[in-house]
6 protein chains.
Amino acid sequence: MASSEFSHVDATGNPTMVDVGQKQVTRREATAQAVVVLGDEIMRHLQNDEIHTKKGPVFQTAIIAGTMAVKRTSDLIPFCHPLPVEKCKLDIRVNAQREVVITCTVGVTAKTGVEMEALTGASVAALTVYDMCKALSHDIVIRETKLMEKTGGKQDFTRS
Amino acid sequence: MASSEFSHVDATGNPTMVDVGQKQVTRREATAQAVVVLGDEIMRHLQNDEIHTKKGPVFQTAIIAGTMAVKRTSDLIPFCHPLPVEKCKLDIRVNAQREVVITCTVGVTAKTGVEMEALTGASVAALTVYDMCKALSHDIVIRETKLMEKTGGKQDFTRS
Amino acid sequence: MASSEFSHVDATGNPTMVDVGQKQVTRREATAQAVVVLGDEIMRHLQNDEIHTKKGPVFQTAIIAGTMAVKRTSDLIPFCHPLPVEKCKLDIRVNAQREVVITCTVGVTAKTGVEMEALTGASVAALTVYDMCKALSHDIVIRETKLMEKTGGKQDFTRS
Amino acid sequence: MASSEFSHVDATGNPTMVDVGQKQVTRREATAQAVVVLGDEIMRHLQNDEIHTKKGPVFQTAIIAGTMAVKRTSDLIPFCHPLPVEKCKLDIRVNAQREVVITCTVGVTAKTGVEMEALTGASVAALTVYDMCKALSHDIVIRETKLMEKTGGKQDFTRS
Amino acid sequence: MASSEFSHVDATGNPTMVDVGQKQVTRREATAQAVVVLGDEIMRHLQNDEIHTKKGPVFQTAIIAGTMAVKRTSDLIPFCHPLPVEKCKLDIRVNAQREVVITCTVGVTAKTGVEMEALTGASVAALTVYDMCKALSHDIVIRETKLMEKTGGKQDFTRS
Amino acid sequence: MASSEFSHVDATGNPTMVDVGQKQVTRREATAQAVVVLGDEIMRHLQNDEIHTKKGPVFQTAIIAGTMAVKRTSDLIPFCHPLPVEKCKLDIRVNAQREVVITCTVGVTAKTGVEMEALTGASVAALTVYDMCKALSHDIVIRETKLMEKTGGKQDFTRS
């Protein structure tokens, strides 16, 4: 098995950035999702009459934090390339199972993809929802942060 | 229900930072955990003979990225207070179910706790493991990012 | 006139940070204000029926950006000391003259004050209001960014 | 009135980044201005014999801080796109009314403009002038931060 | 001698960023080197049986810190342009004189070169080696940080 | 030899931050030096009649960049603790051998020392001098970056 399969580990076993200099500039998009399970007490606060006064600022703060984190991905993940993010769309909603579902889609015209950007945006938005709710209870779990789809690179991906 | 229960939402429904000026300076610690489930193909690479040349750099890169993220928590999460982190310990191991378990413990002597720092460190370490493995497969899920324990604040917490 | 009167310029005419090592740790607060004058067209959008759907996200985004900038003041202003911000309260409202008035109060327990933090928070919140409105018109002026009050240092200040 | 008129607020009332993926790459420039009014006492120090030893370091520090802030605009303003700044020129002078006039011109070859970069550079330079002078007096007001001109986008703008 | 010869000083003697807007987009690379001389005691620890358990984490941490610093060069050096780094390769080895030799190669497709990025990466990697070893002794000197080679710009350079 | 001797490597061979929670808060200072050797051509420009118009902005830009880097040390060096820097003094002069000597002194009241802050400040100031001069020639070497003195910790140090 060639050592290049872990793209960020070189032949001598040291971590390294991949050289993307020869790759094609294409429009690339990626969508990631994080699901936050808030305990019953917190959900009661978010869903009842407080829905406007509370859910608004909680989710909007998370959208903003997620967006800013997307732009800072290469500053957080050691071997990510800095990319000129062109699009970043965060959507947060409560699903039928009363889970908070965060979806983050990032787009760029560049030589490498934005999977890590989308995952970082969803993760930091999830952490922000946590921070906004934690005074009520620590019965909070961020689960299932994962890539949903990516297009525009060598190989498209859609989670089945 | 008092509006102060969402600590970062004020009486007018706007997001805000909590004033911790009157709180006691105490030694506080928090431990968070993130579990990364890598698909079979990736795990095969990490567990066989490549264990030294590959797992070393992958996990060490994640430890470093997680540590740096801990120190940058207040820069990522809008209403977190900047804290003089005194201790940050990241541990990454593969459990019996062949899952990568990341544990992040943070300590500080300050007026407020470090739950968000521990959670952010575990999350960014998990994202870094993802980034180091993603060339092999996107069959990766970060799940169960959660607080395990916190001490030194108004109320201790241990996940049961 | 002693060269020390410009506190950030030393005797040789070079810029320098003030040594605050011998100063007292006290609780210090500062309040700054920035006024944004939006042209008629933008104000019509903010004040009519769009008041909930538009003013909410515009002002909340500005509050969040201002708060994050407060924490990053020493990273932006070359000779500001890094301070453990304990309190940051941004308030944005429309006054009788239909101007957007941003007030930013910052608190800290430290050896030096937080005037620059309050001014930076108000300024970045004002820039964010500008950014959120600029697609409608560039008839926007940020004016009268100034310190309103500071307490806890060698000398209190209240703008008369 | 279509909800898209506030470009950073989406149809559901949440803040969001504009997708500039389909826009043209053109050379774009923007010039912003901030005026700082220093009280009589501070101006006396800057204008008399101290003009070389003091004004030099004060204004040069502001030029440097403004330039660094220009490059960090997308890190400060939540929905600004990261842009590869090619040109940044800050000029600071004292006008006939003894006001400090800061002019910041930014240039880029990109899909979106640099108004916010120019405004952020002028604002942070103004805050830095404030910081360098504040030991003398808090009789300082930053006023009239505004866009003067922009070219290269869909619509040019010149302040009349 | 024309004032433009110091490219970051303008005709009025103020520091300024060079406008690279009219320059050609080409593939550019630069390689810098830093040499760290660790005293005998530290070298004994790195070279004997501890070579695997100690040199691994010391050098890998330095590689990661150097890589992250490369990406942050324009945030550290006031008049550097932000560049979309495509390649960053750090190599650290012990030479025959028992010196630690750090080589940092950076590549980009852009309007200006990456000398400062390569030099910054080598410098921060050297500082990190220092930090990892300093508990043993302060008998450490970083010497000979210099550019080795650059290609792709107006004029190639190879250190003779 | 105990594994704790490399303070940032733990018993399992992984890099880690030292826990300074139990250390004493004391006033600590450290001074570092970097020497930049500029080739003859560059020195001619700095020393002749251009001394005021050129050396001023070159050295002042380096002082500012060094000061800002001091404050960002824990963001650059993976296992450095964030510290509330109270004092930072950069001095740059040309010695008898026509070398540029940068001295950086940092002071803090904290549980751990500021050697890395002083070294980082000197290094980034040196890189900035390089950047300001490199259009004239790449005949530049940064050499002899080293700690000169530290006080206030477990053990004082003075370079002999």
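It should be emphasised that the depicted structure is a prediction, and the values quoted were computed from it without experimental measurement.

**Q** Explanation requested: the overall build of chain A in the structure shown.
**A** Within chain A one finds four helices and five strands. When the helices and strands of chain A are read in sequence order from the N terminus, they spell out β-α-α-α-β-β-α-β-β. Dimensions along the principal axes, computed over C-alpha positions, put chain A at roughly 55 × 30 × 30 Å. Here the contacts in chain A between residues at least 6 apart in sequence split such that 69% fall between residues at least 24 apart. For chain A, the exposed area adds up to about 5,500 Å²; of that, 47% sits on carbon and sulfur atoms. Positive and negative charge centroids in chain A, built from 19 and 19 side chains respectively, lie 4 Å apart.

**Q** Hey, could you run me through the arrangement of the chains in this one?
**A** When C-alpha atoms are compared, chain B and chain D, though not in contact, are closest at a spacing of 10 Å. Chain C shows no contact with chain E. Their nearest C-alpha atoms sit 10 Å apart.

**Q** Can you help me understand the interface of chain F and chain E in this one?
**A** Accessible area lost upon the coming together of the parts serves often as the stated size of an interface. Taken residue by residue, the interface counts 53 residues in chain F and 53 residues in chain E. Summed over both partners, the interface of chain F with chain E buries about 4,700 Å², with 69% contributed by carbon and sulfur atoms. Three residues, F6(F), L127(F) and H138(F), lead the burial of chain F against chain E; their summed loss comes to 15% of the area buried on that side. At the junction of chain F with chain E, the criterion picks out two salt bridges. Here D75(E) ties to R72(F) by a salt bridge, and the two come within 3.1 Å at their closest N and O atoms. Our count for the contact surface shared by chain F and chain E stands at 12 residue pairs in polar contact (both at pLDDT 80 or more). Elements represented by at least two residues in the side of chain F that touches chain E include exactly α1 (40-47), α2 (55-71), α3 (73-76), α4 (115-133) and β4 (140-151) of chain F.

**Q** Just checking my understanding: could you explain the environment of R27(D) for this structure?
**A** The topology assignment puts R27(D) in strand β1 (residues 26-38). Expressed as a C-alpha distance, the spacing of R27(D) and T12(D), which sit 15 residues apart in the sequence, is 33 Å. Those residues in contact with R27(D) that lie beyond four places of it in its chain are E86(D), K87(D), G107(D), V108(D), T109(D), T151(D), G152(D), D19(E) and G21(E). Polar side-chain contacts of R27(D) include one of 2.9 Å to the side chain of E29(D). Of note is the side chain of R27(D), whose polar atom sits 2.6 Å from the side chain of E86(D).

**Q** I'm lost on α4(F) in this one. Help?
**A** One full turn of an α-helix is made of 3.6 residues, so residues set three or four places apart face in the same direction. Over its 19 residues, α4(F) extends 27 Å from the first C-alpha to the last, a length consistent with the 27 Å expected when each residue adds 1.5 Å. Across the 19 residues that make up α4(F), a large majority, 19, are buried.

**Q** Looking at this model, I keep getting lost on unusual backbone geometry. Mind explaining?
**A** Backbone geometry follows two general trends: most residues other than glycine have a negative phi, and most peptide bonds adopt the trans configuration. All names here are of chain F. Phi is positive for R98, close to 60°, though the residue is something other than glycine. Within the element layout of this structure, R98 appears in the loop between β2 (87-94) and β3 (100-110). In this structure, E144 is a non-glycine residue whose phi angle is positive, near 65°. Mapping E144 onto the fold places it in strand β4.

**Q** It is not clear to me how the pattern of salt bridges should be interpreted in this structure. Could you clarify?
**A** Two side chains of opposite charge can pair, provided their charged atoms sit close to one another. Inspection of every chain in the model, using the stated rule, returns 78 salt bridges over all chains. The salt bridge involving D91(A) is made with R93(A); its shortest N-O contact spans 2.7 Å. A salt bridge links E115(F) to K150(F); the nearest nitrogen and oxygen atoms lie 3.8 Å apart. Of this pair, E115(F) sits in helix α4 while K150(F) is found in strand β4, placing the two residues 35 residues apart along the sequence.

**Q** How do you make sense of the relation of the copies chain C and chain A when you look at a structure like this?
**A** Two copies of a chain can be linked by a rotation about an axis combined with a shift along that same axis. Expressed as a screw operation, the relation of chain C to chain A combines 0.0 Å of axial shift with a rotation of 180°, fitting to an RMSD of 0.0 Å. Such a combination of turn and shift is consistent with a two-fold rotation axis. Looking at chain C, 100% of its interface residues are interface residues in chain A too, so the copies touch through the same face.

**Q** Would you mind showing me how to read the interface of chain C and chain A here?
**A** Tallying the contact residues gives seven residues for chain C and seven residues for chain A. In this assembly, chain C packs against chain A so that about 550 Å² is buried in total across both faces, 63% of it on carbon and sulfur atoms. Its largest share of buried area at the contact with chain A, chain C owes to Q60(C), I64(C) and M68(C), together 65% of the area lost on that side. Across the chain C-chain A interface, the total number found is zero salt bridges. Among the residues making up the side of chain C that touches chain A, the classes are represented as three nonpolar, three polar and one charged.

**Q** Help me understand the side chain of D10(B), please; the structure alone is not making it clear to me.
**A** All names here are of chain B. Mapped onto the elements of the fold, D10 is located in the segment before β1 (26-38). By relative accessible area, which is 12% here, D10 ends up buried. A polar contact is formed between the side chain of D10 and the side chain of T12, at a distance of 2.7 Å.

**Q** Looking at this model, I keep getting lost on the pairing of strand β4 (residues 140-151) of chain D. Mind explaining?
**A** Every regular strand shows the same layout, with side chains that alternate between the two sheet faces. Alignment of strand β4 (residues 140-151) of chain C against β4(D), held across two bridges, turns out to be antiparallel. Counterpart to I142(C) in the pairing with β4(D) is T145(D). One ladder, built from nine bridges, connects β1(D) with β4(D); its direction is antiparallel. Its bridge partner lying in β4(D), E29(D) is registered against T151(D). Summarising the sheet, β4(D) and strand β5 (residues 157-158) of chain D pair through two bridges and their orientation is antiparallel. Each bridged residue has a counterpart across the sheet, and for K150(D) the counterpart in β5(D) is F157(D). If you look at the hairpin formed by β4(D) and β5(D), you'll find five residues sitting between the two strands, and G152(D) has a positive phi there, around 100°.

**Q** Help me understand the side chain of E117(B), please; the structure alone is not making it clear to me.
**A** Following the sequence through the fold, E117(B) ends up in helix α4 (residues 115-133). Buried charge E117(B) goes without a salt bridge, the closest partner of opposite sign being K134(A) at 7.5 Å. Those residues in contact with E117(B), other than ones at most four positions away along the chain, are V70(B), T73(B), H81(B), L83(B) and V106(B).

**Q** Any chance you could explain the relation of the copies chain F and chain E here in plain terms?
**A** Mapping chain F onto chain E leaves a residual RMSD of 0.0 Å; the transformation is a rotation of 180° accompanied by 0.0 Å of translation along its axis. A share of 100% of the interface residues of chain F reappears at the interface of chain E, consistent with the copies meeting face to face through the same patch.

**Q** It is not clear to me how the confidence of the model for chain A should be interpreted in this structure. Could you clarify?
**A** Note that predicted coordinates carrying low pLDDT should not be read in detail. Averaged over chain A, the pLDDT score is 90; the fraction of residues at 70 or greater is 93%. Least confident of the elements in chain A is helix α1 (residues 40-47) of chain A, whose mean pLDDT is 81; most confident is helix α3 (residues 73-76) of chain A, at 98.

**Q** Help me out: how do you make sense of the state of the cysteines in this one?
**A** One covalent bond between the sulfur atoms of two cysteine residues makes up a disulfide. Counted under the stated rule, the structure contains zero disulfides over all chains. Considering cysteine sulfurs only, C133(B) is the nearest to C80(A), which forms no disulfide, with 13 Å between them. Between C88(E), a cysteine without a disulfide, and C104(E), which holds the nearest cysteine sulfur, the sulfur-to-sulfur distance is 4.5 Å.

**Q** Quick question: what am I supposed to make of the packing of helix α2 (residues 55-71) of chain D against helix α4 (residues 115-133) of chain D here?
**A** Helix-helix packing is characterised by the crossing angle of the two axes and by the distance between the axes. All names here are of chain D. Packing of α2 against α4 leaves a shortest axis separation of 7 Å and a crossing angle of 145°. Helix-helix and strand crossings are classified by hand; for α2 and α4 the assignment is right-handed. Listed contacts from α4 to P57, V58, T61, A62, A65, G66, A69 and V70 of α2 are E117, T120, G121, V124, A125, T128, V129, M132 and C133. Here the residues of the contact of α2 with α4 sort into 11 nonpolar, five polar and one charged.

**Q** Quick question: what am I supposed to make of helix α2 (residues 55-71) of chain E here?
**A** Taking 1.5 Å as the rise per residue, α2(E) with 17 residues should run 24 Å; its terminal C-alpha atoms sit 24 Å apart, in good agreement. Counted residue by residue, α2(E) has 15 buried out of 17 residues, so it is predominantly covered.

**Q** When you look at the packing of helix α2 (residues 55-71) of chain B against α2(E) in this model, what are you seeing that I'm missing?
**A** Orientation of α2(B) relative to α2(E), taken along the N-to-C sense of each, is 55°, at an axis distance of 10 Å. Between α2(B) and α2(E), the angle falls in the class oblique. Read as a crossing pair, α2(B) and α2(E) show a hand that is right-handed. On α2(E), the residues that touch G56(B), P57(B), Q60(B), T61(B), I64(B) and M68(B) of α2(B) are G56(E), P57(E), Q60(E), T61(E), I64(E) and M68(E). For the contact of α2(B) with α2(E), the residue count by class is six nonpolar, six polar and no charged.

**Q** Is there a simple way to explain the environment of T128(D) in this structure?
**A** Here T128(D) lies in helix α4. In sequence terms T128(D) and T61(D) are 67 residues apart; their C-alpha atoms lie 7.2 Å from each other. Sequence-distant contacts of T128(D), that is, excluding residues within four places in its chain, are made with I77(C), P78(C), T61(D), A62(D) and A65(D).

Rules of the game
Residues numbered from 1 in each chain as written. Chains lettered and ligands numbered in written order. Predicted model: local features only at pLDDT ≥ 70, side-chain atom pairs only at ≥ 80, totals over all residues. Heavy atoms only, no water. Helix = DSSP H or I, 4+ residues; strand = E, 2+ residues; numbered from the N terminus. Contact = heavy atoms within 4.5 Å. Areas by Shrake-Rupley, 256 points an atom, 1.4 Å probe, with all protein chains shown as cover. Lys, Arg positive; Asp, Glu negative; His and termini not counted. Charge placed at Lys NZ, Arg CZ, Asp CG, Glu CD. Buried area = accessible area lost by both parts, 1.4 Å probe. Salt bridge = Lys/Arg side-chain N within 4 Å of Asp/Glu carboxyl O. Polar contact = N/O pair within 3.5 Å; in protein donor to acceptor, adjacent residues only side chain to side chain. Expected span 1.5 Å × (residues − 1). Buried < 20%, exposed > 50% of the residue type's maximum accessible area, 1.4 Å probe, protein only. Least-squares fit on C-alpha atoms with pLDDT ≥ 70 in both. Nonpolar A, V, L, I, M, F, W, Y, C, P; charged D, E, K, R; others polar. Pairing = 2+ DSSP bridges. pLDDT = per-residue confidence, 0-100. Disulfide = S-S within 2.5 Å. Axes fitted to C-alpha atoms, helices over the stretch in contact; angles between N-to-C directions. Left-handed = near helix turned anticlockwise from the far one by under 90°. Parallel < 35°, antiparallel > 145°, perpendicular 65-115°, else oblique.

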